[in-house]
Amino acid sequence: MSTAHDPFPSIRHDHRACVDNALHDAETLCAEQGLRLTPIRRRVLELIWQGHRPRGAYEILEQLAADGHRPSPPTVYRALEFLVEHRLVHRVNSRNAFVGCAHPGDPHAAQIFICDCCGVAVEQSDGTLQRRILRNAQGLHFQVREQTVEIAGVCPRCAERQHEA
């Protein structure tokens with residue numbers, strides 16, 4: 001289990017708890033905002049939260065097919081667009097993939113740390129960094145549409161394994 005000093009999930013991490021929390025948060029947010037969490041949107045969100053790695057649309061499509069569903073790619077993309085629009089997931093542009101949002105519905109700028117070795121992604125949100133980026137954009141007369149910072153590197157567990165090897 002992760003600790004306050006180690007936000008990267010351990011090998012024995014209970015992904016089911018993450019999935020359950022994400023679904024509960026999504027249901028609450030949708031109810032509060034009068035949105036529909038359709039079965040496909042719900043299942044796509046569940047698949048994204050099944051691991052802490054960015055998941056691509058076609059990977060999600062393959063899992064849905066393995067489940068016995070046969071949605072078309074546009075159906076999955078629409079579900080993903082809904083989840084991004086309502087801040088339930090983040091798009092990881094560098095991987096053309098998606099990760100669950102740790103602060104669903106909350107307008108924030110995410111910093112996503114992605115391990116090059118195991119692929120685990122962890123979201124942080126630093127308001128100071130967000131304000132600095134917005135200040136810099138203002139100085140450039142640049143209108144920010146989206147602000148997600150992606151940081152690639154090596155997580156503590158993979159770094160330890162590399163050191164031991």
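Nothing here was measured: the structure is a model prediction, and the numbers come from that model.

Rules used in this analysis
- Residues numbered from 1 in each chain as written.
- Predicted model: local features only at pLDDT ≥ 70, side-chain atom pairs only at ≥ 80, totals over all residues.
- Heavy atoms only, no water.
- pLDDT = per-residue confidence, 0-100.
- Contact = heavy atoms within 4.5 Å.
- Pairing = 2+ DSSP bridges.
- Helix = DSSP H or I, 4+ residues; strand = E, 2+ residues; numbered from the N terminus.
- Axes fitted to C-alpha atoms, helices over the stretch in contact; angles between N-to-C directions.
- Polar contact = N/O pair within 3.5 Å; in protein donor to acceptor, adjacent residues only side chain to side chain.
- Phe/Tyr/Trp six-rings, centres within 6.5 Å; stacked < 30°, edge-to-face > 60°.
- Lys NZ or Arg CZ within 6 Å of the ring centre and 35° of its normal.
- Patch = residues over 30% accessible without salt bridge, like charges linked within 9 Å, V, L, I, M, F, W, Y side chains within 5 Å.
- Areas by Shrake-Rupley, 256 points an atom, 1.4 Å probe, with all protein chains shown as cover.
- Salt bridge = Lys/Arg side-chain N within 4 Å of Asp/Glu carboxyl O.
- Buried < 20%, exposed > 50% of the residue type's maximum accessible area, 1.4 Å probe, protein only.

### Brief notes about the confidence of the model for the protein chain
Mean pLDDT for the protein chain: 89, with 93% of residues reaching 70 or above. Ignoring residues within four places in sequence, the model shows residues 1-5, a span with pLDDT below 50, making five contacts including any to other chains.

### Topic: the sheet that holds strand β3 (residues 110-115)
The mixed open sheet is built from three strands, whose spatial order is β4-β3-β5. Both outer strands of the open sheet, β4 (121-124) and β5 (148-153), are each paired with one neighbouring strand and no more. Shown here is a sheet whose adjacent strand axes are inclined to one another by a mean of 20°, direction ignored. Taken together, the six bridges between β3 and β5 define a ladder with parallel strand orientation. Within β5, the residue paired with Ile-114 across the bridge is Ala-152.

### Considering the environment of Glu-123
Along the chain, the position of Glu-123 falls in strand β4. The residues contacting Glu-123, other than those within four sequence positions of it, are His-90, Gly-100, Cys-101, Ala-102, His-103, His-108, Ala-110 and Gln-111. Of note is the side chain of Glu-123, whose polar atom sits 3.2 Å from the side chain of His-90. At 2.6 Å, the side chain of Glu-123 and the backbone nitrogen of Ala-102 are in polar contact.

### Points about the packing of aromatic side chains
Here a ring pair, both rings aromatic, is described through the centre-centre distance and the interplanar angle of the planes. This model, assessed by the stated rule, comprises one aromatic pair. Aromatic side chains Tyr-58 and Tyr-77 sit 6.4 Å apart centroid to centroid with 70° between the ring planes, which places their arrangement in the edge-to-face category. Of the two residues, Tyr-58 sits in helix α3 (residues 57-66) while Tyr-77 sits in helix α4 (residues 73-85), which places them 19 residues apart along the sequence. Its guanidinium or amino end placed over the ring of Phe-82, Arg-41 lies 3.7 Å from that ring's centre, counting from NZ or CZ.

### Brief notes about a nonpolar patch on the surface
Residues Leu-134, Leu-140, Phe-142 and Val-144 make up a contiguous nonpolar surface patch of about 400 Å² in total accessible area. Positionally, Leu-134 belongs in helix α5 (residues 127-139). We classify Leu-134 as partly exposed; its relative accessible area is 37%.

### Examining the side chain of Arg-43
Position of Arg-43 relative to the elements: it lies in helix α2 (residues 39-49). Arg-43 gets classed as buried once you look at its relative accessible area, which sits at 17%. Each residue touching Arg-43, except ones within four places of it in the same chain, is listed here: Gln-50, Gln-63, Leu-64 and Asp-67.

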